[in-house]
Amino acid sequence: MSFQAYLDTIETKTGLTPRAFVALAHERGYDDPSTKAGTVLAWLKEDYGLGRGHGMALVHVIKNGPKIDARGGGREGPPPPPPPPPP
């Protein structure tokens, strides 16, 4: 399962976007660099029924949100395809 697939599944299951989880985590102070992943995982399991894999995907987003690109992975993907030749 790709990172984006994890995020899509989380949104389907909870009705919340990763950005919404970042905001909720900020309200609780879980975006602080000293917050341990286990603390965030316990919150996500208790309040949203998320398991470890999906929880860790959100931990990554919460901790690195501003650095993650639009695709959600934080890395460059393949280059876009070249434009079609002119007619």
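Keep in mind the model is a prediction, meaning the values are calculated, not measured.

Would you take a moment to explain the overall build of the protein chain for this structure?
Looking only at helices and strands, the protein chain has four helices and zero strands in total. Listed N to C, the secondary structure of the protein chain is α-α-α-α in terms of helices and strands. Buried residues in the protein chain amount to 23% of all 87 residues. Contacts in the protein chain between residues far apart in sequence, at least 24 positions, make up 51% of those at least 6 positions apart. As presented, the protein chain carries roughly 6000 Å² of accessible surface, and 58% of it is formed by carbon and sulfur atoms.

Would you explain the nonpolar core in this entry?
Soluble globular proteins tend to bury their nonpolar side chains together. By size, the foremost hydrophobic cluster in this structure holds 15 residues, and its most contacted members are I10, F21, V40, W43, L44 and L58. Of all the secondary structure elements, the ones that give two or more residues to this core are α1 (3-14), α2 (18-28), α3 (37-48) and α4 (52-64). The biggest single contributor to this core is α4, with five residues. Ignoring sequence-local partners within four residues, the contact set of I10 consists of G15, L16, F21, L50, H54, A57 and L58.

Explain the confidence of the model for the protein chain here, please?
Note: predicted coordinates in regions of low pLDDT should not be interpreted at a detailed level. For the protein chain, mean pLDDT is 85; residues scoring 70 or higher make up 83% of the total. The weakest mean pLDDT in the protein chain belongs to α1 at 91; the strongest belongs to α3 at 96. In this model, residues 70-76 is a region of pLDDT below 50 whose contacts with residues beyond four sequence positions or in other chains number twelve contacts.

What is the right way to look at the packing of aromatic side chains in this model?
To describe a pair of aromatic rings, you give the distance between the ring centres and the angle between the ring planes. On inspection of all chains with the given rule, the structure shows four aromatic pairs. Plain terms: the ring middles of F21 and W43 are 6.4 Å apart, the flat faces sit at 75° to each other, and that makes the pair edge-to-face. Highlighted residues: F21 in helix α2 and W43 in helix α3, separated in sequence by 22 residues. When sorted by exposure, F21 lands in the same class as W43, which is buried. Judged by centre distance (5.9 Å) and plane angle (85°), the ring pair of W43 and Y48 falls under edge-to-face.

Looking at this structure, how should I read the pattern of salt bridges?
Considering all chains together, one arrives at one salt bridge under this definition. Close ionic contact of R28 with D47 constitutes a salt bridge, the shortest N to O distance being 3.1 Å. Placement of R28 in helix α2 and of D47 in helix α3 is noted, with a sequence separation of 19 residues between them. Judged by its relative accessible area of 44%, R28 is partly exposed.

I keep staring at the packing of α2 against α4 and nothing clicks. Help me out?
For any two helices packed against each other, the geometry comes down to the angle between their axes and how far apart the axes lie. At a minimum axis distance of 9 Å, the contact between α2 and α4 shows a crossing angle of 70°. As judged from the angle between their axes, α2 and α4 are roughly perpendicular. Handedness of the α2/α4 crossing: right-handed. Along its contact with α2, which presents P18, F21, V22 and A25, the element α4 presents L58, V61 and I62. Partitioning the contact of α2 with α4 into residue classes produces seven nonpolar, no polar and no charged.

Here is what the cut-offs are and how they apply
- Residues numbered from 1 in each chain as written.
- Predicted model: local features only at pLDDT ≥ 70, side-chain atom pairs only at ≥ 80, totals over all residues.
- Heavy atoms only, no water.
- Helix = DSSP H or I, 4+ residues; strand = E, 2+ residues; numbered from the N terminus.
- Buried < 20%, exposed > 50% of the residue type's maximum accessible area, 1.4 Å probe, protein only.
- Contact = heavy atoms within 4.5 Å.
- Areas by Shrake-Rupley, 256 points an atom, 1.4 Å probe, with all protein chains shown as cover.
- Core = buried A, V, L, I, M, F, W, Y, C linked by side-chain atoms within 4.5 Å.
- pLDDT = per-residue confidence, 0-100.
- Phe/Tyr/Trp six-rings, centres within 6.5 Å; stacked < 30°, edge-to-face > 60°.
- Salt bridge = Lys/Arg side-chain N within 4 Å of Asp/Glu carboxyl O.
- Axes fitted to C-alpha atoms, helices over the stretch in contact; angles between N-to-C directions.
- Parallel < 35°, antiparallel > 145°, perpendicular 65-115°, else oblique.
- Left-handed = near helix turned anticlockwise from the far one by under 90°.
- Nonpolar A, V, L, I, M, F, W, Y, C, P; charged D, E, K, R; others polar.

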